[in-house]
Amino acid sequence: MAMQLDQVVPFGRSLDEYIQMFNLTSADRQRSLLGVGDGPASFNAEGTRLGYRIQSLDPLYVFTAKQIRDRFDAVVDNIIAQVERTPDDWVWGYHASPAALRQHREQVIGQFCEDFAAGQAAGRYTVGALPHLPYADRAYDLGFSSHFLFLYSDHFDADFHLQALQEMLRVCHEVRVFPLLTLGLQRSPHLDAVLPALTAAGFPWEITTVAYELQKGGNQMLRITH
Ligand SMILES: C[S@@+](CC[C@H](N)C(=O)[O-])C[C@H]1O[C@@H](n2cnc3c(N)ncnc32)[C@H](O)[C@@H]1O
């Protein structure tokens, strides 16, 4: 049986995973970047050290680093156990095994937690939640949704997805979303409503295959422009 989660979980990915998921070129990385739903990813911490301009937003940022880490610790055993029970649902390439995946996620949240207080003081981590963003029109060049939109299609309906993407497009010149699969490894049913609605609203989009694949078949990224 595929992965089942009651809530959106605080699992985070690294800068290198963001680069692969979103096909981020070195030119892309010089642009102003907004990670929506970045949670405990180390994208911001690692990228900031390299001089990238990254803003992250997540409802989770209302909590302290310790509270976020405690929540991760409370759910990680269950998630890795579900992964171990469904070995054929995953591609063991980037991560060699469920144990390696766990170790990587722990390393990522460790880097996030170390950076969180300094990042909050610098204004790099903002409390907020889609479908509303507290930013001016076109404030950022590139906006990302990693492992939130489409993945949690059972938790959020098509209207939410469309509103969320239109809000990200209000704030960003370009938006990229990965993956396009649900937790159950199906192509998100909301794509059939959202993609024609984006076209009708005048937003060009394309779906491209990327190098990163952990969920089997989850190697497609949606790129939307103005
Ligand atoms: C599975 S985590 C992914 C974190 C990160 N983007 C990554 O890929 O490493 C999903 C994140 O979505 C966040 N989230 C939940 N509801 C949200 C909302 N309405 N708007 C933005 N983010 C939300 C959660 O708090 C969580 O941090």
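Since we're looking at a predicted model, the values are computed, not measured. (Residues numbered from 1 in each chain as written. Predicted model: local features only at pLDDT ≥ 70, side-chain atom pairs only at ≥ 80, totals over all residues. Heavy atoms only, no water.)

S.K.: Tell me about the packing of helix 4 (residues 65-85) against helix 5 (residues 98-121), and please be specific about residues and values.
M.R.: Helix 5 packs onto helix 4 with a crossing angle of 170° between their chain directions and a minimal axis gap of 11 Å. The orientation of helix 4 relative to helix 5 falls into the category roughly antiparallel. Together, Ala 65, Ile 68, Arg 69, Phe 72, Val 76, Asp 77, Ile 80, Val 83 and Glu 84 of helix 4 and Pro 98, Leu 101, Arg 102, Arg 105, Glu 106, Ile 109, Gly 110, Phe 112, Cys 113 and Phe 116 of helix 5 make up the contact between the two elements. Residues of the contact of helix 4 with helix 5, tallied by class, amount to twelve nonpolar, one polar and six charged. (Axes fitted to C-alpha atoms, helices over the stretch in contact; angles between N-to-C directions. Helix = DSSP H or I, 4+ residues; strand = E, 2+ residues; numbered from the N terminus. Parallel < 35°, antiparallel > 145°, perpendicular 65-115°, else oblique. Contact = heavy atoms within 4.5 Å. Nonpolar A, V, L, I, M, F, W, Y, C, P; charged D, E, K, R; others polar.)

S.K.: Pulling in residues and values, what's your account of the side chain of Ser 42?
M.R.: Relative to the elements of secondary structure, Ser 42 occurs in the loop between strand 1 (32-36) and helix 3 (43-49). The residues touching Ser 42, leaving out its near neighbours within four places in the chain, are Arg 13, Ser 14, Leu 15, Gly 47, Val 108, Gln 111 and Phe 112.

S.K.: Residues and numbers for the pattern of salt bridges, please.
M.R.: Applying the stated criterion across every chain, the model contains 15 salt bridges. Salt-bridge contacts for Glu 17 lead to Arg 105; the nearest nitrogen and oxygen are separated by 3.0 Å. Of this pair, Glu 17 sits in helix 1 (residues 15-21) while Arg 105 is found in helix 5, placing the two residues 88 residues apart along the sequence. Of the two residues, Glu 17 and Arg 105, both sit in the buried class. Among the salt bridges present, the one from Glu 174 reaches Arg 176, with a minimum N-O distance of 2.7 Å. We note that Glu 174, like Arg 176, is buried. Three or more residues are tied together by salt bridges with common partners; here these are Asp 28, Arg 31, Glu 174, Arg 176, Glu 206 and Arg 223. (Salt bridge = Lys/Arg side-chain N within 4 Å of Asp/Glu carboxyl O. Buried < 20%, exposed > 50% of the residue type's maximum accessible area, 1.4 Å probe, protein only.)

S.K.: Would you mind going over the packing of helix 6 (residues 158-171) against helix 7 (residues 191-200) in detail, with residue names and values included?
M.R.: Helix 7 packs onto helix 6 with a crossing angle of 40° between their chain directions and a minimal axis gap of 9 Å. The two elements helix 6 and helix 7 meet at a crossing, and its hand is right-handed. Residue-level contacts link Ala 158, His 161, Leu 162, Leu 165 and Leu 169 of helix 6 to Ala 193, Val 194, Ala 197 and Leu 198 of helix 7. (Left-handed = near helix turned anticlockwise from the far one by under 90°.)

S.K.: Run through the site of the ligand, naming residues and quoting values.
M.R.: Every one of the 20 residues lining the ligand counts as a neighbour, but Arg 13, Gly 37, Asp 58, Leu 130 and Ser 146 are closest to it. Contact between the ligand and Asp 58: an oxygen atom at 2.6 Å from a side-chain N or O atom of the residue. Contact between the ligand and Leu 130: a nitrogen atom at 2.8 Å from a main-chain N or O atom of the residue. Surface burial for the ligand is 94%, taken as the share of its 600 Å² of free accessible area covered by protein chains. When the residues that make up the shell around the ligand are grouped by side-chain class, the tally is twelve nonpolar, five polar and three charged. (Near = heavy atom within 4 Å. Polar contact = N/O pair within 3.5 Å; in protein donor to acceptor, adjacent residues only side chain to side chain. Areas by Shrake-Rupley, 256 points an atom, 1.4 Å probe, with all protein chains shown as cover.)

S.K.: Would you mind going over the sheet that holds strand 4 (residues 140-146) in detail, with residue names and values included?
M.R.: Pairing in this open sheet of seven strands is mixed, and the strands run 3-2-1-4-5-7-6 from one edge to the other. Taken across any chain shown, the strands that pair with only one partner, and hence form the sheet edges, are strand 3 (125-127) and strand 6 (205-209). On average, adjacent strands in this sheet sit at an angle of 20° to one another, irrespective of strand direction. Pairing of strand 4 with strand 5 (residues 172-178) involves six bridges; the strand directions are parallel. Within the sheet, the bridge partner assigned to Ser 145 lies in strand 5 and is Val 177. (Pairing = 2+ DSSP bridges.)

S.K.: Break down the environment of Tyr 140 for me, with residues and values.
M.R.: Position of Tyr 140 among the secondary structure elements: in strand 4. With a relative accessible area of 14%, Tyr 140 lands in the buried category. Residues Tyr 140 and Val 171, 31 residues apart in the sequence, show an inter-C-alpha distance of 6.2 Å. With residues up to four places along the chain from it excluded, the contact list for Tyr 140 reads Ser 32, Leu 33, Leu 34, Gln 55, Tyr 135, Val 171, Cys 172 and His 173.

S.K.: Which residues make up unusual backbone geometry, and what are the values?
M.R.: Note that the residue after Leu 130, namely Pro 131, is joined by a cis bond; omega there is 20°. Geometrically, the link from Phe 178 to Pro 179 is a cis peptide bond, its omega value of -5° lying close to zero. For Arg 138, which is not glycine, the phi torsion reads 55° and is therefore positive. On the basis of relative accessibility, which here comes to 38%, the residue Arg 138 falls in the partly exposed class.

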